[in-house]
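Coordinate inspection notes
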Amino acid sequence: MQLLDFSAALIDPEAIKAAGYAGVIGYVSESRPGANFGAKPLRRDYCDRLRAEGLEIVSNYQYGKGSTSDWFGGYDGGCRHAEIALRLHYEAGGPDRRPIYAPVDANPDLGQWNTYIAPFLRGWASVVGLEWTGMYGNARCIDWALEDDAARWFWQHNWSGDPASNGHHAAAHLHQIEIDKRTVGGVGVDVNEVLKPDYGQWSADRPIGDSVKPDFLELDETDVSPNCSPRGGSKPIWFLLHTQEGNGTAQSLAGFLQNPNSGVSYHYTVDNDEVVDVVDTDLSSWSVLNANPRAINLCFAGSRAGWSRQQWLDNMGPAIDIAAYLAVKDCRRYGIPPRVITPDELGRGEAGIADHYAITAGLGIGTHTDVGDGFPWDAFTAAVAKYAGTQPNGADMAFLDETITNWAGHTVSVRDVLKYVDQYNGLILDQLVGPGARERAGEPTRWDALGGNTVVEALALIGEKLGLEGFGLEGDTK
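Per chain, residues are indexed from 1 in the order of the written sequence. For this predicted model, a pLDDT threshold of at least 70 governs which residues receive local features, and a threshold of 80 or more governs which side-chain atom pairs are given and counted, while totals over whole chains, interfaces and linings are taken from all residues. Heavy atoms throughout the structure, all of them, feed into the side-chain values; hydrogens and water do not.

Let's talk about the state of the cysteines
Using the following cut-off: Criterion for a disulfide: a pair of cysteine sulfur atoms within 2.5 Å. Note on exposure labels: buried denotes an accessible area under 20% of the residue type's maximum, exposed denotes more than 50%, and partly exposed covers the range between, all computed with a 1.4 Å probe on protein chains only.
Counted by the stated rule, this structure contains zero disulfides. A disulfide-free cysteine, cysteine 79 has its sulfur positioned 17 Å from the sulfur of cysteine 331, the nearest such atom. On the basis of relative accessible area, cysteine 79 is assigned to the buried category, the value being 14%. Cysteine 299 provides the cysteine sulfur closest to cysteine 228, a residue in no disulfide bond, and the two sulfurs are 17 Å apart.

So this is what it looks like as structure tokens:
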């Protein structure tokens, strides 16, 4: 079975089918500056036409090329490009649990792999999940990716410089065997062999079924609150969590939001049993001031920002799971990456799932601190990963909140221990090699009080002055 990949222009699905091909590997990326690729990015209407003809679709990404290759951006570049890829994938109708192939469109050496490409793929995986990270690369890169566990899906190309390595790689799911040697529908195409039954095709999606949906009653009453506004052309990029700071239920809180004098609303009110759809998500609720046009807002009825982690789990355990389900559902609808982001990431305009405090800290809008320091983000993140089918990047960090007895007999969290280990390691580094060494990645700055030496150099000179055997700087470089 063979698939086509092409970028110059869209090809009529009927022509692809008539030529005997099973589908396409399509670009979920924009054209780079100076280029105008008619097939970038995939759009929903074209994908619908492909599927109507029974053709398969696989998502891949490539923006830069040559000296501007995407992977030169390292980890941060991987995050940035993956966010774009995921958004365009969703906008085209791509399902959650399918890989997107990241570009290694070159024949890099090991130094480039370690310096740029492996970090690029790790950044990519931090957004889409390692289990859905694909790589377009040659056989050598596939070997390196397997060794580093940097990707799980592989689309092989033959840009290796070594014809002997251009056979089907055992781990490859797809293999690009021909470039620019034929046309279909008047458009130049590349030809790819399918090597495994599941090669990332959209039709093999394993959607969230009713069997894993949380048990709750959803009351669709999206006209319940008049406190809403048009989004004014903006598109939501954040799904935000809030607390009520009261003792209500989903229904009683929704009733309060019905009063126009309250001046507030959320898209959802949630408790452990029910969800009330208060405002249509295509509209802005009145929740986060100037950020309203870009946010979907959910409020935990009967919750408080001052709760401890255990109080959240005791009082809102099922509601947390419900909130994660709703977040993933809306992320998929609006092309938002289904991942929890920090206030700093939100402040940089990155899309994802956060809380009201992230708006306060990240954008400097308002003074709210909900959902509070005690919110069990690890449990919520794990639930998001469950429904999105992604790796729970933060779910394995719950140990940070565990406590130990320190040297002074005080009960402290592992989080605080690590914080002070980092702080004091930095102070020790400064004492040994000079002030400000931490900020210069350990580069010795040396101490004026020691004659422009580090502590070790000063000791060596003192020992040499005292005539101690083996002391001195001879043969060493400061």
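From this point on, the discussion continues.
Focus: unusual backbone geometry
Definition in use: Helix numbers and strand numbers start at the N terminus; a helix is a DSSP run of H or I with at least 4 residues, a strand a run of E with at least 2.
The omega torsion across lysine 40 and proline 41 is -15°, close enough to zero to call that bond cis. Considering the arrangement of structural elements, one finds proline 41 in the loop between strand 2 (23-27) and helix 2 (44-52). In this chain, aspartate 370 is followed by valine 371 through a cis amide linkage whose omega measures 25°. For leucine 289, which is not a glycine, the phi torsion comes out positive at approximately 55°. Turning to its location among the elements, leucine 289 is positioned in the loop between strand 14 (283-285) and strand 15 (295-300).

What to know about the sheet that holds strand 9 (residues 217-220)
Note the threshold: Note on pairing: two strands pair once DSSP finds at least 2 bridges between them. The axes used here are C-alpha line fits, helices contributing only the stretch in contact, and every angle between their N-to-C directions lies in the interval 0 to 180 degrees. Residues count as neighbours in contact if any of their non-hydrogen atoms are within 4.5 Å of one another.
Across the sheet, which stays open at both edges, the six strands sit in the order 9-13-12-15-11-16 with mixed pairing between neighbours. One side of each edge strand has no neighbouring strand; the edge strands of this open sheet are strand 9 and strand 16 (352-355). Averaged over all pairs of adjacent strands, the angle between strand axes in this sheet comes to 20°, irrespective of strand direction. Seen against the sheet, helix 10 (residues 377-388) touches strand 11 (238-243) and strand 16 and runs at an angle of roughly 155° to strand 16.

Focus on a nonpolar patch on the surface
The condition is simple: A patch consists of residues whose relative accessible area exceeds 30% and which take part in no salt bridge; residues with like charges are grouped when within 9 Å of each other, and nonpolar side chains (Val, Leu, Ile, Met, Phe, Trp, Tyr) when within 5 Å. All accessible areas in this document rest on Shrake-Rupley with a 1.4 Å probe, and a residue is counted as covered only by the protein chains that are shown. Here a salt bridge means any side-chain nitrogen of Lys or Arg lying within 4 Å of a carboxyl oxygen belonging to Asp or Glu.
A surface patch of nonpolar side chains, about 500 Å² in accessible area, is lined by Leu459, Ile462, Leu466, Leu468 and Phe471. Locating leucine 459 in the fold gives a position in helix 12 (residues 455-465).

A word on the packing of helix 4 (residues 110-128) against helix 5 (residues 139-148)
So the rule is basically this: The cut-offs work like this: below 35 degrees is roughly parallel, past 145 is roughly antiparallel, 65 to 115 is roughly perpendicular, and the gaps in between are oblique. Each crossing gets its hand from how the near helix is turned against the far one by less than a right angle, where anticlockwise is left-handed and clockwise is right-handed. Under the scheme applied, nonpolar residues are Ala, Val, Leu, Ile, Met, Phe, Trp, Tyr, Cys and Pro; charged residues are Asp, Glu, Lys and Arg; polar residues are all the others, including Gly.
Between helix 4 and helix 5, whose axes approach to 11 Å, the crossing angle comes to 60°. It follows that helix 4 is oblique to helix 5 by the angle criterion. Like other packed secondary-structure pairs, helix 4 and helix 5 cross with a definite hand, here right-handed. On the side of helix 4, the interface is formed by Leu110, Trp113, Asn114, Ala118 and Arg122, while helix 5 contributes Cys141, Trp144, Ala145 and Asp148. Each residue belonging to the contact of helix 4 with helix 5 can be placed in one class, and the counts come to six nonpolar, one polar and two charged.

Side note on the sheet that holds strand 6 (residues 153-156)
The strand order around the closed barrel formed by eight strands is 1-2-3-4-5-6-7-8, and the pairing between neighbours is mixed. Along the sheet, successive strands turn relative to each other by an average axial angle of 35°, direction set aside. The pairing of strand 4 (residues 100-103) with strand 5 (residues 133-137) spans four bridges and is parallel. Bridge pairing links isoleucine 100 to threonine 133 in strand 5.

Some remarks on the environment of isoleucine 322
Mapped onto the elements, isoleucine 322 comes out in helix 7 (residues 309-334). Residues isoleucine 322 and asparagine 166 lie 156 residues apart in sequence; the distance between their C-alpha atoms is 48 Å.

Some points on the pairing of strand 1 (residues 2-5)
Both strand 1 and strand 8 (residues 187-194) contribute to a ladder of four bridges, which runs antiparallel. By the bridge assignment, leucine 3 is partnered in strand 8 with asparagine 192. Where strand 1 and strand 2 come together, three bridges link them in parallel fashion. Of the residues in strand 2, the one forming a bridge with leucine 4 is valine 24.

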